[in-house]
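Structural overview
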Amino acid sequence: MQKITRNVLLDMEEEEDDEDDGDIVLENLEQTIVPNCGSLESQHDFRTPEFEEFNGKSDSLFFNDGQRRIDFVLVYEDESKKKETNKKGTNEKQRRKRQAYESNLICHGLHLEATRSVLDDKLVFVKVHAPWEVLCTYAEIMHIKLPLKPNDLKTRGSAFGRLNWFTKFLSVDESIIKPEQEFFTAPFEKNRLNDFYIVDRDTFFNPATRSRIVYFILSRVKYQVMNNVNKFGINRLVSSGIYKAAFPLHDCKFRHRSEDPSCPNERYLLYREWAHPRSIYKKQPLDLIRKYYGEKIGIYFAWLGYYTQMLLLAAIVGVACFLYGYLNQDNCTWSKEVCNPDIGGKIIMCPQCDRLCPFWKLNITCESSKQLCIFDSFGTLVFAVFMGVWVTLFLEFWKRRQAELEYEWDTVELQQEEQARPEYEAQCTHVVINEITQEEERIPFTTCGKCIRITLCASAVFFWILLIIASVIGIIVYRLSVFIVFSAKLPKNLNGTDPIQKYLTPQTATSITASIISFIIIMILNIIYEKVAIMITNFELPRTQTDYENSLTMKMFLFQFVNYYSSCFYIAFFKGKFVGYPGDPVYWLGKYRNEECDPGGCLLELTTQLIIIMGGKAIWNNIQEVLMPWIMNLIGRFHRVSGSEKITPRWEQDYHLQPMGKLGLFYEYLEMIIQFGFVTLFVASFPLAPLLALVNNILEIRVDAWKLTTQFRRLVPEKAQDIGAWQPIMQGIAILAVVTNAMIIAFTSDMIPRLVYYWSFSVPPYGDHADYTMQGYINNTLSYFNIADFKNKSLGNPYVGLGDHTTCRYRDFRYPPGHPQEYKHNIYYWHVIAAKLAFIIVMEHVIYSVKFIISYAIPDVSKLTKSKIKREKYLTQKLLHESHLKDMTKNMGVIAERMIEVVDNNLRPKLD
């Protein structure tokens, strides 16, 4: 192996090129050791791949010689068989670029073999193989950790030893998927080859590692020079249409084992023991997932599985709190008063809008008050406090689990210098002096240009957030408008016998229809903004792929946060809070009278909103994830039905699967984080949210597994230490959740007013009862209003059957008419406000204190994992350094013995 003297590059400066493959500079290619491929100046000197006919072995993963393994596949359409496009010479230019690229791949030591498609004669599959020397060279460049010796640390036994039969039932059968042997590892070095645990050169680099190394090379090989700037990378060639696809191979069919006895059949095992519905109750084979798809996919499924396990505890407690409320529903005194014909049936409530809304009797809200008793109970308070602690336990224990995976998967010291994105390098036209190296380097824009881009991107994001807020305002206007219609149409009969009136009150009808419309708008804006966010991030031009994903993550999450949660925040903290009183209502936009809550508060409406949005989102996403790739593959099979009787090779079968984009995993994370927000931010209003999330996640794991193993091409394996920017986002949600749940209990539910009444206003000096009781609570919390005090006399009583009543009731704590401070807030109101503020302060401080103690008490890395890391470092130092020191000492001893022997031989004749 020696340093390359010249690459095959096409000097196309004089040609127009409007393809967006950019002017790319390859900065560190000269450090790579590759063979000399000579001076090739014409297209006749291109080193082209060998063309071979398909040998009929559909399951083969090797070249036709049966020796060289296929590590990657490139697919293109033969230009000679394509119709010429309108632009003159486009096909010829694409062919020359591809030939230059393939010639340079060969110069870099890769082996290529081309085979025409069995079903479509225009398609050509270029199979790529990396020989041993190339693998070793790039493994050292990429700092890939490889085995030194088997791990000799004993694994700690399970704390649930007596339940081994149960854990064995949930685990994957070890006779089917054998446990991976654990090794101590170290970054690979060619000059220390003998120190590594090499049993067989063919298996020392597993297929995932081989594919990762080949993809590293494919992403950095040049193919063109334009304006003295090198263009390189398979990604740009695929995006510009020169290649149709580039992917590593699945090792077999997912339903059947390979006919090749040497094939490990990992895809088949993953489908059978992970993706198949019959394995839904089993633990995930994370080591095999990591081995087959890489650490980035593995860490996602490890996190999703751990999150789902922790949801089991939250779901159990949530169901218990729900059952507590349901079983104590009949003991709900204030609900009985609402439903009592002698109490609620005789309370005439004031109209909730100005023109069409009639007076109404309180007992028409009987059913909603019973439902509210289930969710607005003492169990809700207990569950909100529990979830504040649960989310901290989840995040802290996940850090420990993540540290274990970092050790087990060799990502503790991930020494991988991330290269700049080709899209970034393509725009590097400005030359500046690096302050550190004092050398010239290219950047895409100046400081002023960067400020302009950031300003434009921030403005675009802000505009879309305002658009979401505008949609929320539109929903509010809909609520206000439709409520008038429902109020005029629904409560025609106040005898309580109409089943429609019994279950579909104006408030309920407005809430359900508004929630459905809100969900539809959310999904539409979501689809549009996904494209907009990608456009904004592309314009922002982050340097590395990690920077790109983090920037997109923050934009998408900020948008999704406002999109999904804004309506919930409105119902929880704004609706019914600023309504005034019947004689002096507060108008919204100067036209619409602000919405009021039910006499029991807005908690039930918030619960309805959560159920519709959370449930609808889960159903829509799962249907979309299952149907879309399945339908696309079905359409592809329909178009290929004419050649279906032919035997197709492995690479052609994989080509017709769906490609998974670079951001495929990003959307999976985003979906789960939004769900995590629903489970934590508003859980005080819906204790069953963790149960819904648990059921959804159990299905989500298997649906995602099914997609990966059956519907998508194999992904390029990637390294990852953690879940990236999603971890701090979850921590931020956890902190905000304490505040939102405390405020929901204080301001949205009716718990604090009930407690204040029970302990202060049911007994003297404010109450008339001898003992603490909830009797009389409804009458105490509804204020009186004199109908004659309506400011607009045209708003007289529209209800003909009202009789001789001169007053109506409304939900507030104000002095009655005739009082010296009539319609002003009474002392009950100030007691309630003080109690609410005190409750928020106490609950927040208690939960935050517990969270701090838990975070401090639980170390991020367990003692056992620390011991393993130290042991590995010790062994690495011992094997890679002390062994060489011993060799050096041994060599020095031999040299010393020879010197003594020479001196002795020279001195002996003189002495004689």
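Scroll up to find the structure.
To start, this report covers the structure provided alongside it.

Conventions and cut-offs
Residues numbered from 1 in each chain as written. Predicted model: local features only at pLDDT ≥ 70, side-chain atom pairs only at ≥ 80, totals over all residues. Heavy atoms only, no water. Helix = DSSP H or I, 4+ residues; strand = E, 2+ residues; numbered from the N terminus. Buried < 20%, exposed > 50% of the residue type's maximum accessible area, 1.4 Å probe, protein only. Contact = heavy atoms within 4.5 Å. Areas by Shrake-Rupley, 256 points an atom, 1.4 Å probe, with all protein chains shown as cover. Axes fitted to C-alpha atoms, helices over the stretch in contact; angles between N-to-C directions. Parallel < 35°, antiparallel > 145°, perpendicular 65-115°, else oblique. Left-handed = near helix turned anticlockwise from the far one by under 90°. Nonpolar A, V, L, I, M, F, W, Y, C, P; charged D, E, K, R; others polar. Phe/Tyr/Trp six-rings, centres within 6.5 Å; stacked < 30°, edge-to-face > 60°. Expected span 1.5 Å × (residues − 1). Pairing = 2+ DSSP bridges.

**Observations concerning the overall build of the chain**
- Each helix and strand in the chain was counted, giving 26 helices and 19 strands.
- Here the chain holds 912 residues, and 52% of them are scored as buried.
- Partitioning the intrachain contacts of the chain with sequence separation of at least 6 by distance along the chain shows that 79% fall at a separation of at least 24.
- Accessible surface computed for the chain: about 44,000 Å², of which carbon and sulfur atoms make up 58%.

**Focus on the packing of helix α20 (residues 664-681) against helix α22 (residues 726-748)**
- Put simply, α20 and α22 touch, their axes get as near as 8 Å, and they point 20° apart. Relative to α22, the element α20 is oriented roughly parallel. When the axes of α20 and α22 are compared, the crossing they make is right-handed. Taken together, the residues of α22 that come into contact with α20 (itself represented by Phe666, Tyr669, Leu670, Ile673, Phe676, Gly677, Thr680 and Leu681) are Trp726, Ile729, Met730, Ile733, Leu736, Ala737, Thr740, Asn741 and Ile744.
- Here the residues of the contact of α20 with α22 sort into 13 nonpolar, four polar and no charged.

**Some details on the packing of aromatic side chains**
- The tally for this structure, following the rule as stated, stands at 57 aromatic pairs.
- A centroid spacing of 6.1 Å and a plane angle of 50° characterise the contact between phenylalanine 375 and phenylalanine 686, whose relative ring orientation is tilted. Note that phenylalanine 375 is positioned in helix α11 (residues 366-375) and phenylalanine 686 in the loop between α20 and α21 (689-711), a separation of 311 residues in sequence. With respect to class, phenylalanine 375 is no different from phenylalanine 686; both count as buried.

**Points about helix α5 (residues 207-218)**
- The terminal C-alpha atoms of α5 lie 16 Å apart, and with 12 residues this matches the ideal 16 Å at 1.5 Å per residue to within 8%.
- Of all 12 residues in α5, 10 are buried; the element is thus mostly enclosed.
- For α5, every residue scored as buried is listed here: Ala208, Thr209, Arg210, Ser211, Arg212, Ile213, Val214, Phe216, Ile217 and Leu218.

**Remarks on the sheet that holds strand β9 (residues 245-247)**
- With mixed pairing, the five strands of this open sheet are ordered in space as β1-β3-β4-β2-β9. Unpaired on one side and paired on the other, β1 (50-51) and β9 mark the two borders of the sheet.
- The pairing of strand β2 (residues 72-77) with strand β4 (residues 123-129) spans six bridges and is classified as antiparallel. Within the sheet, the bridge partner assigned to phenylalanine 72 lies in β4 and is valine 128.
- The strands touched by helix α1 (residues 90-107) are β2, β3 (111-116) and β4; relative to β2, the strand with the most contacts, the crossing angle is about 160°.
- Each of β2 and β4 touches α5; the most contacted strand, β2, lies at about 45° to it.

**A short note on the pairing of β2**
- Burial analysis of β2 places five of its six residues in the buried class, which makes it a mostly covered element.
- Strand direction decides the pairing type here: β2 and β9, joined by three bridges, are antiparallel. For valine 75, the partnering residue across the bridge sits in β9 and is alanine 245.

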